[in-house]
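Architecture at a glance
Residue-level listing of the chains:
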Amino acid sequence: MPKSEAEKATEAERIEKAKERLAASKVTRDQRKDDAEFDFWSGVAAAIDSGELKQTEACDAIGYKREYVRRQLIEVRAKAEVRAKDQAPDSTD
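Here's what I pulled together on the structure shown here. The numbers attached to residues start from 1 for each chain and follow its sequence in the written order. Only residues with pLDDT of 70 or above have their local features reported here, since the model is predicted, and side-chain atom pairs are shown and tallied only from 80 upward, although totals for entire chains, interfaces and linings are computed over all residues. No hydrogens and no water enter the side-chain calculation; it runs on all heavy atoms of the structure.

Right, let's get into the packing of aromatic side chains. Stacked, edge-to-face and tilted are the three classes for Phe, Tyr and Trp ring pairs, Trp counted by its six-membered ring, which pair at centre distances within 6.5 Å; planes under 30 degrees apart are stacked, over 60 edge-to-face, the rest tilted. Applying the stated rule across the entire model yields four aromatic pairs. Both rings, one in W41 and one in Y68, keep their centres 5.9 Å apart while their planes meet at 70°; by these two values the pair is edge-to-face. Within this pair, whereas W41 is found in helix α1 (residues 5-49), its partner Y68 is found in helix α3 (residues 66-87), the two being separated by 27 residues in sequence. For W41, a relative accessible area of 3% translates into the label buried. Measuring from centroid to centroid gives 5.0 Å for Y64 and Y68, while their planes differ by 45°, and the two rings are tilted. Burial classes: relative accessible area under 20% of the type maximum marks a residue as buried, over 50% as exposed, and values in between as partly exposed (1.4 Å probe, protein chains only). Take Y64: its relative accessible area is 38%, and that puts it in the partly exposed class. By relative accessible area, Y68 is classed as partly exposed at 30%. The structure contains a cluster of three or more aromatic residues connected by ring pairs, namely F40, W41, Y64 and Y68. The ring centre of F38 lies 3.8 Å from the NZ or CZ of R83, which sits over that ring. Secondary structure elements are defined from DSSP: runs of H or I of at least 4 residues count as helices, runs of E of at least 2 residues count as strands, and each element is numbered from the N terminus. A positively charged side chain is recorded as over a ring if its NZ (Lys) or CZ (Arg) lies within 6 Å of the ring centre. The angle to the ring normal must also be within 35 degrees.

Moving on, we get to the nonpolar core. Grouped together as the largest cluster of nonpolar side chains are 10 residues: F38, W41, V44, A45, I48, A58, C59, V69, L73 and V76. At the level of secondary structure, the elements contributing two or more residues to this core comprise α1, α2 (55-62) and α3. With five residues, α1 is the single largest residue contributor to this core. Contact criterion: two residues are considered in contact whenever any of their non-hydrogen atoms come within 4.5 Å of each other. When residues no more than four places from it in sequence are discounted, the contact partners of F38 are V76, K79, A80 and R83. Each nonpolar core is a collection of buried residues, namely Ala, Val, Leu, Ile, Met, Phe, Trp, Tyr and Cys, held together in the definition by side-chain atoms within 4.5 Å.

Right, let's get into the pattern of salt bridges. Note on definitions: salt bridges are taken to be side-chain nitrogens of Lys or Arg within 4 Å of carboxyl oxygens of Asp or Glu. Taken as a whole and judged by the stated rule, the model has 11 salt bridges. In this structure, K8 engages E5 in a salt bridge whose closest nitrogen and oxygen atoms are separated by 3.9 Å. In this pair, K8 and E5 both sit in helix α1, three residues apart, roughly one turn of the helix. Residue E5 is classed as exposed on the basis of its relative accessible area of 62%. Among the ionic pairs, R29 bridges to D30, the shortest N-O distance being 2.8 Å. R29 sits in the partly exposed class, given a relative accessible area of 41%. Counted as one network, the salt bridges with shared partners bring together K3, E11 and R14.

Rendered as structure tokens:
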């Protein structure tokens, strides 16, 4: 037996809500991944910048090649700068 228009509309609404819920979950997951990557590379940068480890020693510890680490450090430092600007209070009072 074919579905009525009301049943079709109810099903379409249910599907749309499920799609929206999954899309929101994906956004949350992606943000958490980005935050975890930022935290990881910030820790690597901190260990190198503090002199605790040389870059080659950090590379050995985490299993990445030196050039890749160098590029990631450049990226995380740029992101840290942007985040710092975004969190700075506006002094136009």
